[in-house]
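Spelled out, the chains give:
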Amino acid sequence: MEQRKLRFDSVLLPTGWARDVCVSIDEGGLISNIQTSSKDGERISGITVPGMANLHSHAHQRLMQGLAERAGPGADSFWTWREVMYGFALKLSPEDLEAVAAQAYAEMLCSGFTSVGEFQYLHHQPGGSPYENRAEMSLRCLAAADSAGIATTLLPVLYSHGGFGGAAPNQGQRRFINDVDGFLDIYEIINDALHGHHQLGIAPHSLRAVTKTGLDAVLESTPQGQPVHIHVAEQTKEVEDCLAWSKQRPVEYLLSHFNVNKNWCAIHATHMLEHEVRVLAASGAVAGLCPTTEANLGDGIFPAIEFINAGGKFGIGSDSHITISPAEDLRMLEYSQRLKHHTRNALADGAGLSTGRSIFERALKGGAQALQQNMGAIEIGGRADFVVLNDDHHALLGRAEDAALDAWIFSGGNACVRDVYAGGKLQVKDGLHVNATTIKNNFKKTIERLA
Ligand code: NGQ
Ligand code: ZN
């Protein structure tokens, strides 16, 4: 690939909005030069911002859209939803997972996400015994990421138990379960298969699914400094169970038993008391917020105002993929705070500043940190990940710069996204993924097979 030059009419740089910016892209998909007030390069009209990291995905749950919103015989909850989700998880073949993941990843690109943290726990065959290649399912996610053209940070999940204190797993969890050695085998195979912009980390599923001894063993046997993602304090029942078991709340337990630092990502961290907010923020870890999933599952409201005031960092994830949209997740995040605190512009960085811009830029930084992806800013050396908004979309008419960003996030949503470049490659053109037909046909076959 030759050096390419794109000249953006209007683009968000780390220094703010700029016009007529020529960006050079090298063979590796990185930005090699940036020139302002330029007439050079292929003109890109519209409004361009950096691609967003999607820091938390369970690709297989894309299958459930529209199928879990009907009332059950008894009271519905996160836990009844989880049983339904296990039912889907038990049906997928490796081909199915690849097809569903590719569809989810293509939709991510179309919505403005340019990398994804795949929190992958569907390890084994439906009966529970390992595939001949123990990492079969994780490698399928990697293949799906390649066919969609998205950079993934693969987070193979350590899942050994069914509850706090090393409780036995249940039948619905049989595809997920590994001991330390089984997990390390999977990790090594993925490590050997890594290529391109993909990264590798680890994901102890939750304090319910691992023991201190098991997680310590994995942390000692894998490279220090890699991403470590864990679900924590998502549901009140989880907080109660953790208290009953350890006399500590989940975030308290996590922070006092492990060296949680900037490499860690605490997924959800919904239920925290004031001191937990302070300690998590001070640790440098990223809070991995999944606002539309958290709303869909009835988790609760993350204390975002308090966490940001304490210096905490966050990113966003589409998690269950009930919607795949950075705009909608950021909108839900802000609206949850408005509803709770009876206020407006709750997460804006200061007087006169745009709320959309404030949370968009925070999520860019937090997401890039949590996934350890070279993204989140249009700068020399960074990956050439660009999201071009359609300034001719009705929601963006007459809107420039911050107002356009706010109109995308709070009003127009995904329909505002026109073109998306990931690693310098045009993956979405006029709202359509370049590989959409093949990816959707494969997805359709899986949907039909599982119906
Ligand atoms: C998951 N998802 O692993 O897919 C979880 C549900 C659990 C979310 N927490 C299962 N959104 O936490 O045990
Ligand atoms: Zn999750």
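Everything discussed here concerns the structure shown above.
Residues numbered from 1 in each chain as written. Chains lettered and ligands numbered in written order. Predicted model: local features only at pLDDT ≥ 70, side-chain atom pairs only at ≥ 80, totals over all residues. Heavy atoms only, no water.

A.B. asks: Describe empty space enclosed by the protein, naming the residues involved and giving the relevant values.
C.D. replies: Evaluated as defined, the whole model comprises two cavities of 30 Å³ or more. As for the largest cavity, its lining consists of 18 residues, and the residues nearest its centre are Phe 78, Trp 81, Met 85, His 205 and His 231. Of the residues contributing to the lining of the largest cavity, the split by class is eight nonpolar, six polar and four charged. Taken as a whole, the second largest cavity spans an internal volume of roughly 80 Å³. Gln 61, Met 64, Gln 65, Ala 68, Glu 69, Trp 81, Asn 296, Leu 297, Ser 320, His 321 and Ile 322 are the residues that line the second largest cavity. Considering only residue class, the lining of the second largest cavity consists of five nonpolar, five polar and one charged. (1 Å grid on protein atoms, 1.4 Å probe; cavity = no way out; pocket = protein on both sides within 12 Å on 5 of 7 lines; lining within 4 Å. Points joined across faces, edges and corners; volume = space filled by probe spheres on them. Nonpolar A, V, L, I, M, F, W, Y, C, P; charged D, E, K, R; others polar.)

A.B. asks: How would you explain the pattern of salt bridges if you had to name every residue and give the values?
C.D. replies: This model, assessed by the stated rule, comprises 18 salt bridges. In this structure, Lys 212 and Asp 216 form a salt bridge, with 2.8 Å as the shortest nitrogen-oxygen distance. Of the two residues, Lys 212 and Asp 216 are both situated in helix α5 (residues 212–221); the distance of four residues between them amounts to about one turn of the helix. Judged by relative accessible area, which is 30%, Lys 212 ranks as partly exposed. Between Asp 419 and Arg 418 there is a salt bridge whose closest N-O contact spans 2.9 Å. (Salt bridge = Lys/Arg side-chain N within 4 Å of Asp/Glu carboxyl O. Helix = DSSP H or I, 4+ residues; strand = E, 2+ residues; numbered from the N terminus. Buried < 20%, exposed > 50% of the residue type's maximum accessible area, 1.4 Å probe, protein only.)

A.B. asks: Explain the pairing of strand β2 (residues 16–25) residue by residue, including any values.
C.D. replies: Counting buried residues in β2 gives eight out of ten residues, a clear majority hidden from the surface. The pairing of strand β1 (residues 4–13) with β2 spans nine bridges and is classified as antiparallel. Each residue of the ladder has a partner; that of Ser 10, found in β2, is Arg 19. Hairpin connection from β1 to β2: two residues lie between these consecutive antiparallel strands. Between the antiparallel neighbours β2 and strand β3 (residues 31–35) lie five residues, among them Gly 29 with a positive phi of about 85°. (Pairing = 2+ DSSP bridges.)

A.B. asks: If you had to explain the site of ligand 1 to someone new, which residues and values would you point to?
C.D. replies: In the vicinity of ligand 1 there are 15 residues, among which Arg 82, Tyr 121, His 205, Arg 208 and Glu 234 approach most closely. Measuring from an oxygen atom of ligand 1, one finds a side-chain N or O atom of His 205 at 2.7 Å. A distance of 2.7 Å separates an oxygen atom of ligand 1 from a polar side-chain atom of Arg 208. The protein chains hide 99% of the 340 Å² of surface that ligand 1 would expose on its own. Counting atoms within 2 Å of the grid points, the majority share of ligand 1 lands in the largest cavity. Broken down by element, the residue count for the shell around ligand 1 peaks at four residues, all from helix α1 (residues 78–89). In terms of residue class, the shell around ligand 1 is built from five nonpolar, six polar and four charged. (Near = heavy atom within 4 Å. Polar contact = N/O pair within 3.5 Å; in protein donor to acceptor, adjacent residues only side chain to side chain. Areas by Shrake-Rupley, 256 points an atom, 1.4 Å probe, with all protein chains shown as cover. Sits in = over half its atoms within 2 Å of the grid points.)

A.B. asks: An account of the packing of aromatic side chains is needed here, citing residue identities and associated values.
C.D. replies: What the rule picks out here adds up to 15 aromatic pairs. Judged by centre distance (6.2 Å) and plane angle (50°), the ring pair of Tyr 121 and Tyr 159 falls under tilted. Residue Tyr 121 is found in the loop between β6 (113–120) and α3 (136–148), and its partner Tyr 159 is found in the loop between β7 (151–158) and α4 (180–193); the two are separated by 38 residues along the sequence. For the pair shown, Tyr 121 and Tyr 159 are each scored as buried. Its relative accessible area of 4% is what places Tyr 121 among the buried residues. Connected via pairs of aromatic rings, a cluster forms that spans Tyr 86, Tyr 121, Tyr 159 and Phe 176. (Phe/Tyr/Trp six-rings, centres within 6.5 Å; stacked < 30°, edge-to-face > 60°.)

A.B. asks: Requested: an account of the coordination of the zinc ion (ligand 2), with residues and values cited.
C.D. replies: All of the protein donors around the zinc ion (ligand 2) are His 56 (NE2), His 58 (NE2) and His 231 (NE2); their distances to the metal are 2.0 to 2.1 Å. Positions of the donor residues of the zinc ion (ligand 2), expressed as sequence spacing, correspond to H-x1-H-x172-H. Of this pair, His 56 sits in strand β5 (residues 52–57) while His 231 sits in strand β10 (residues 228–232), and the two are 175 residues apart along the sequence. Residue classification places His 56 among the buried residues on the basis of a relative accessible area of 0%. (Donors = N, O, S within 2.8 Å, 3.2 Å for Na, K, Ca; no water.)

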